[in-house]
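Structural features, examined
Below, each chain spelled out in residue letters.
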Amino acid sequence: RNNHTLFGVLNYTKTPGGSRRLRSNILEPLVDVETINMRLDCVQELLQDEELFFGLQSVISRFLDTEQLLSVLVQIPKQDTVNAAESKITNLIYLKHTLELVDPLKIALKNCNTPLLRAYCGSLEDKRFGIILEKIKTIINDDARYMKGCLNMRTQKCYAVRSNINEFLDIARRTYTEIVDDIAGMISQLAEKYSLPLRTSFSSARGFFIQMTMDCTALPNNQLPSEFIKISKVKNSYTFTSADLIKMNERCQESLREIYHMTYMIVCKLLSEIYEHVHCLYKLSDTVSMLDMLLSFAHACTLSDYVRPEFTDTLAIKQGWHPILEKISVEKPIANNTFITEGSNFLIITGPNMSGKSTYLKQIALCQIMAQIGSYVPAEYASFRIAEQIFTRISTDDDIETNSSTFMKEMKEIAYILHNANNKSLILIDELGRGTNTEEGIGICYAVCEYLLSLKAFTLFATHFLELCHIEVLYPNVENMHFEVQHVKNNSRNKEAILYTYKLSRGLTEEKNYGLQAAEVSSLPPSIVLDAKEITTQITRQILQNQRSTPEMERQRAVYHLATRLVQTARNSKLDPDSLRTYLSNLRKKYETDFLRAEQVSEKTE
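Residues numbered from 1 in each chain as written. Predicted model: local features only at pLDDT ≥ 70, side-chain atom pairs only at ≥ 80, totals over all residues. Heavy atoms only, no water.

**Describing the overall build of the chain**
Broken down by element type, the chain carries 22 helices and 14 strands. Here the chain, with 606 residues, has 44% of them falling under the buried criterion. Taking the contacts inside the chain whose residues are at least 6 apart along the sequence as the reference set, 70% of them involve residues at least 24 apart. (Helix = DSSP H or I, 4+ residues; strand = E, 2+ residues; numbered from the N terminus. Buried < 20%, exposed > 50% of the residue type's maximum accessible area, 1.4 Å probe, protein only. Contact = heavy atoms within 4.5 Å.)

Right, here's the structure in full:
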């Protein structure tokens, strides 16, 4: 399930440092447009220049965890144990391996054009890389390098230091070689003695042991000779040892301890000489992790039709889709448009259960984060306003640890948003107030909406309370949106079924009783669904009687609507005189129509 996250969608990093950097960027995106655009320029160049992309990826994938290597190198062990000695020797070989990759990395970056890539290429010109490598090569063999496999690395550590530097070390290594040769010779003799296909194997836990792949029916009496002990079997593969081999392993370990101790003394002296130059490795670690992350962004773009985002004062996404849903679903998700400006910064989104409201809110948040970390985004076109914070109120789980009910958790989360949101925030709220009764839920939602409307934050508010949609009449910067559904007749059951289109449209939803329809297609007993329909009809009739507008309310609404439109026009209008005159004339006609409707309501009431 780790892949079902934004980190999983974007993580094609090759190094642990790149992976950590990606994670930290997702958790704390950038807010500086210039820095973001520099990253986007790099991603664009990597996408356009295949030679640069594959050349850089090839070099970066060979780097180890430079950041961890650096922290381990500068640590002084509390005790000079065999493990500490082995670790120091290993890390010095890792350091040599890392420094030998600096020149290939420079060659891969030499023809880059973007300022950020050129800056990283320039940082690799530091002379200290060469100084450290030269000092290492005076002591460490040229052939000593990082290799996969515990036996390979053991051999590298044994012969890391050049010969003729320490006479006793050379003698210990010759002894070790003789023991290893004796082990190989002994296993060959055993293979000849018993006519079995034995081979020498090694693990860090067991040392040298014997391995054999053979059908048990081919063995004499279906069992191995009594000389072999500690036998384990997986299918037709046997692993075992012998008393002589255990003794030789002990001699081998004793010889290794001597080698590691003497090598450790030489390595410590070498490290003390290079400590003054080691600061350049911090710069190298930063370069490698950043290049790895940018390559990961470019890789993600090649697998899907992402687009480079722009940064303006508007959130405008043309045909954007959910990046995680795309990865986990068979078909490409339904794409939707989004348009939010300072003049229309509050969207109220309605629609039936399962119509796509929550998914849409998460999609907007994910796209905003992707844009602000320097990644391309899943859309045909995308423009974003820099968000200083992203606030969400989506989850509805109880919290046992803090003894919070669903509703109390909602209130704590919304209180945090209200105390911390500012004009540059992106706020996403999903079905606030459903943890309490309808009247109080609507009241809380209405009050929260009015508070958020005093900010210039971009807000998307998904709700089932259709009463909230009337806020659009009072506030010009509110827009009602809804997810469409279609009704399809099911001939076999002679009932209507809901077909979810997952398409966002203007206006509030016209669907009624969609909760009942969802219950009907579930496994609820038909009698309960029928009772629920009758009770809903009665309650709806009572609510409609209580909600009828008075003529005075209609007149006030018409006046208020005209006033808000006039204020908005006075503040924001850029129309020429003729167009403004036409607009005001249409506004007057609308007001007269609304006022006339109020008079007609008055006559009907009388």
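**Things to note about the pairing of strand S3 (residues 228-234)**
Strand direction decides the pairing type here: S3 and strand S4 (residues 237-242), joined by five bridges, are antiparallel. Residue pairing in the sheet places Lys 233 in a bridge with Tyr 238 of S4. Hairpin connection of S3 to S4: two residues between the antiparallel strands, including Lys 235 at a positive phi of 55°. (Pairing = 2+ DSSP bridges.)

**As for the side chain of Thr 314**
When you line up the elements, Thr 314 lands in the loop between strand S5 (310-311) and strand S6 (315-320). Side-chain polar atoms of Thr 314 contact the side chain of Asp 313, separated by 3.1 Å. Contact partners of Thr 314, with chain neighbours within four places excluded, come to Phe 339, Ile 340, Thr 341, Ser 383, Phe 384, Arg 385 and Phe 458. (Polar contact = N/O pair within 3.5 Å; in protein donor to acceptor, adjacent residues only side chain to side chain.)

**Notes on the sheet that holds strand S1 (residues 199-203)**
Sheet strands pair via backbone hydrogen bonds, and the direction of the pair is either parallel or antiparallel. Overall, antiparallel pairing links the four strands, which are arranged S1-S2-S4-S3 in an open sheet. Bordering the open sheet on either side are S1 and S3, each of which pairs with just one other strand. Averaged over all pairs of adjacent strands, the angle between strand axes in this sheet comes to 35°, irrespective of strand direction. Sheet contacts for helix H11 (residues 167-194): S1, strand S2 (207-213), S3 and S4; angle to S2, the most-contacted strand, approximately 25°. (Axes fitted to C-alpha atoms, helices over the stretch in contact; angles between N-to-C directions.)

**Some words on the nonpolar core**
Counting residues in each nonpolar core, the largest one holds 131 residues, and the members touching the most others are Leu 95, Leu 105, Leu 198, Ile 349 and Leu 460. Excluding residues that lie within four positions of it along the chain, Ile 349 makes contacts with Lys 357, Tyr 360, Leu 361, Leu 460, Phe 461, Ala 462, Thr 463, Met 481, Phe 483 and Leu 504. Listed in part, the 24 residues of the second largest apolar core include Ile 417, Val 448, Leu 455 and Leu 468. (Core = buried A, V, L, I, M, F, W, Y, C linked by side-chain atoms within 4.5 Å.)

**Looking at the sheet that holds strand S7 (residues 336-340)**
Strand order in this open sheet of four strands is S5-S9-S6-S7, and the pairing throughout is mixed. Among the strands making up the open sheet, the edge pair consists of S5 and S7. Both S6 and strand S9 (residues 381-384) contribute to a ladder of three bridges, which runs antiparallel. Along S9, the bridge assignment pairs Ile 317 with Ala 382. Relative to the sheet, helix H15 (residues 357-372) contacts S5, S6, S7 and S9, its axis offset from that of S6 by approximately 110°.

**Some details on the UniProt feature "domain: DNA mismatch repair proteins mutS family" (unreviewed entry) in the chain**
The UniProt record annotates "domain: DNA mismatch repair proteins mutS family" (unreviewed entry) at residues 425-441. Within the segment residues 425-441, helix and strand shares are 24% and 35% respectively, and the terminal C-alpha atoms sit 24 Å apart. (UniProt positions renumbered as here; feature names shortened; annotations may be inferred.)

**Description of the pattern of salt bridges**
Enumeration according to the criterion identifies 18 salt bridges in this entry. When the shortest N-O distance is used, the salt bridge between Asp 65 and Arg 20 registers 2.8 Å. Within this pair, whereas Asp 65 is found in the loop between helix H4 (50-60) and helix H5 (66-73), its partner Arg 20 is found in helix H2 (residues 16-27), the two being separated by 45 residues in sequence. We note a salt bridge from Arg 506 to Glu 479, for which the minimum N-O separation is 2.1 Å. (Salt bridge = Lys/Arg side-chain N within 4 Å of Asp/Glu carboxyl O.)

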